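Here are the chains, one letter per residue:
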Amino acid sequence: MTKIELNCFKTLIKVLEKTVHSKGLKFGIYEDFGNYTCAGYPGVLGYLQADAETFASWDVDYVKLDGCYAHPSEMDRGYPEFGFHLNRTGRPMIYSCSWPVYQIYAGMQPNFTSIIQHCNLWRNYDDIQDSWASVESIIDYYGNNQDVIVPNAGPGHWNDPDM
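Here's what I pulled together on the structure shown here.

Definitions and cut-offs
All chains use their own residue numbering, which begins from 1 and follows the written sequence. Residue-level local features of this predicted model are given only where pLDDT is at least 70; pairs of side-chain atoms are given and counted only at 80 or more, and the full residue set underlies all totals for whole chains, interfaces and linings. Side-chain metrics in this entry use all non-hydrogen atoms of the structure; hydrogen atoms and water are not considered. The pairing criterion for strands is at least two bridges between them, as found by DSSP. Each helix is a run of DSSP H or I of at least 4 residues and each strand a run of E of at least 2, with the numbering of both proceeding from the N terminus. Note on geometry: axes are C-alpha line fits, over the in-contact stretch for helices, and angles between N-to-C directions span 0 to 180 degrees. Put simply, a patch holds well-exposed residues, over 30% relative accessible area, that have no salt bridge, with like charges counted together within 9 Å and Val, Leu, Ile, Met, Phe, Trp or Tyr side chains within 5 Å. Here the accessible surface of atoms and residues is derived via Shrake-Rupley with a 1.4 Å probe, and residues count as covered only by protein chains that are part of the display. The salt bridge definition used is simple: a Lys or Arg side-chain nitrogen within 4 Å of an Asp or Glu carboxyl oxygen. By convention, a stacked pair of Phe, Tyr or Trp rings (six-membered ring in the case of Trp) has centres within 6.5 Å and planes under 30 degrees apart, an edge-to-face pair has planes over 60 apart, and any other such pair is tilted. Think of it in three bands: residues with accessible area under 20% of the maximum for their type are buried, residues over 50% are exposed, and the middle band is partly exposed, with areas taken using a 1.4 Å probe on protein chains only. Assignment of crossover handedness uses the view with strands pointing away from the viewer, where a clockwise path from the first strand over the helix to the second indicates a right-handed crossover. Expected helix span is given by 1.5 Å per residue-to-residue step, counting one fewer step than there are residues. Within this analysis, the arc is defined by the directions that extend from the helix axis to the C-beta atoms. Any two residues whose heavy atoms approach within 4.5 Å are treated as being in contact. Angles below 35 degrees are treated as roughly parallel, those above 145 as roughly antiparallel, those between 65 and 115 as roughly perpendicular, and all remaining angles as oblique. Note on convention: near helix rotated counterclockwise from far helix by under a right angle means a left-handed crossing. Clockwise means right-handed. Gly is placed with the polar residues, together with every amino acid not listed as nonpolar (Ala, Val, Leu, Ile, Met, Phe, Trp, Tyr, Cys and Pro) or charged (Asp, Glu, Lys and Arg).

### A few points about the sheet that holds strand β1 (residues 28-32)
Taken together, the five strands give an open sheet; going across it, the order is β1-β2-β3-β4-β5, and neighbouring strands pair in parallel fashion. Two strands in the sheet have a free side with no partner beyond their single neighbour: β1 and β5 (158-160). Across the sheet, the axes of successive neighbouring strands diverge by a mean angle of 25 degrees, strand direction being ignored. Where strand β2 (residues 62-66) meets strand β3 (residues 94-97), four bridges bridge the pair, whose relative direction is parallel. Directly across from Leu65, in β3, lies its bridge partner Cys97.

This is the structure in structure tokens:
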């Protein structure tokens with residue numbers, strides 16, 4: 001990206017942020033802990049501090065950090081580290097983590113004590129899709145696993161059925 005393109009992008013983000021906030025809405029952004037997002041765009045790996053500071057400078061209110069191209073074994077370190085950098089900015093941002101779902105799918109037991117300490121909400125199951133069957137499967141998952149899921153939720157830290 002050239003310097004001119006970068007400046008144009010920054011201007012567009014600020015216009016978007018101001019428009020969203022002028023409507024009384026919160027401004028959220030999606031990123032990935034890995035090298036790439038699920039759609040193949042650059043992730044935060046290697047840029048944790050820079051991306052956190054950039055999001056704060058854009059007045060972001062909500063950060064969803066996915067984990068498509070990340071190693072589940074590195075999430076216990078990486079998600080807290082990114083949260084640390086978000087907090088250091090001084091800008092209050094809701095931090096949504098996809099940390100547990102990727103560890104569950106990898107056969108790992110997520111450390112919910114750490115997840116609760118570092119994330120405001122987190123995903124435990126599949127992405128929601130544009131169908132009633134998808135919504136129903138998420139409801140069933142939460143109903144069938146509530147003994148494990150419910151004790152982790154409380155003020156400031158919530159299970160997220162995805163959106």
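### Observations concerning a nonpolar patch on the surface
A contiguous nonpolar patch, built from Met1, Leu6 and Phe9 and spanning about 320 Å² of accessible area, is present on the exposed surface. For Leu6, the location among the structural elements is in helix α1 (residues 3-22).

### A few points about the packing of aromatic side chains
Under the counting rule described, the total for this entry stands at ten aromatic pairs. Geometrically, the ring pair formed by Phe9 and Trp58 is edge-to-face, given 5.8 Å between the ring centres and 70 degrees between the ring planes. In this pair, Phe9 is assigned in helix α1 and Trp58 in the loop between α2 (48-57) and β2, connecting sequence segments 49 residues apart. Residue class for Phe9 comes out partly exposed when judged on its relative accessible area of 35%. With 4.2 Å between their ring centres and 10 degrees between their planes, Tyr125 and Tyr141 make a pair best called stacked.

### Some remarks on the pairing of β2
Across the five residues that make up β2, a large majority, four, are buried. Bridging between β1 and β2 involves five bridges; their strand directions are parallel. If you follow Tyr30 over to β2, its bridge partner there is Lys64. One crossover worth recording links β1 to the parallel β2 by way of α2, and it is right-handed.

### Notes on helix α6 (residues 132-144)
Here α6 spans 18 Å end to end across 13 residues, near enough to the 18 Å set by a 1.5 Å rise per residue. Taken as a whole, α6 has its buried residues at Ser134, Ile138, Tyr141 and Tyr142. Taken end-on, α6 shows its buried residues confined to a sector of 95 degrees, consistent with a single buried face. Of the exposed residues in α6, the ones pointing more than 90 degrees away from its buried face are Trp132, Ala133 and Asn144. Contact partners of the buried residues in α6: α4 (99-105), α7 (146-149) and β5.

### A short note on the side chain of Lys64
With respect to the element layout, Lys64 can be found in strand β2. Among the residues examined, Lys64 registers a relative accessible area of 13% and is labelled buried. Lys64 has contacts with Ile29, Tyr30, Glu31, Ser96, Ser98, Arg123 and Asp162, leaving out every residue within four places of it along the chain.

### Digging into the packing of α2 against helix α3 (residues 75-88)
Closest axis-to-axis distance for the α2/α3 pair is 8 Å, and the angle between their directions is 40 degrees. Judged on the interaxial angle alone, α3 and α2 are oblique. For the crossing formed where α2 meets α3, the hand is right-handed. The residues of α3 that touch α2, namely those facing Leu48, Gln49, Asp51, Ala52 and Phe55, are Glu81, Phe82, His85 and Leu86. Of the residues assigned to the contact of α2 with α3, the class counts are five nonpolar, two polar and two charged.

All we've got here are geometric facts, nothing functional implied.
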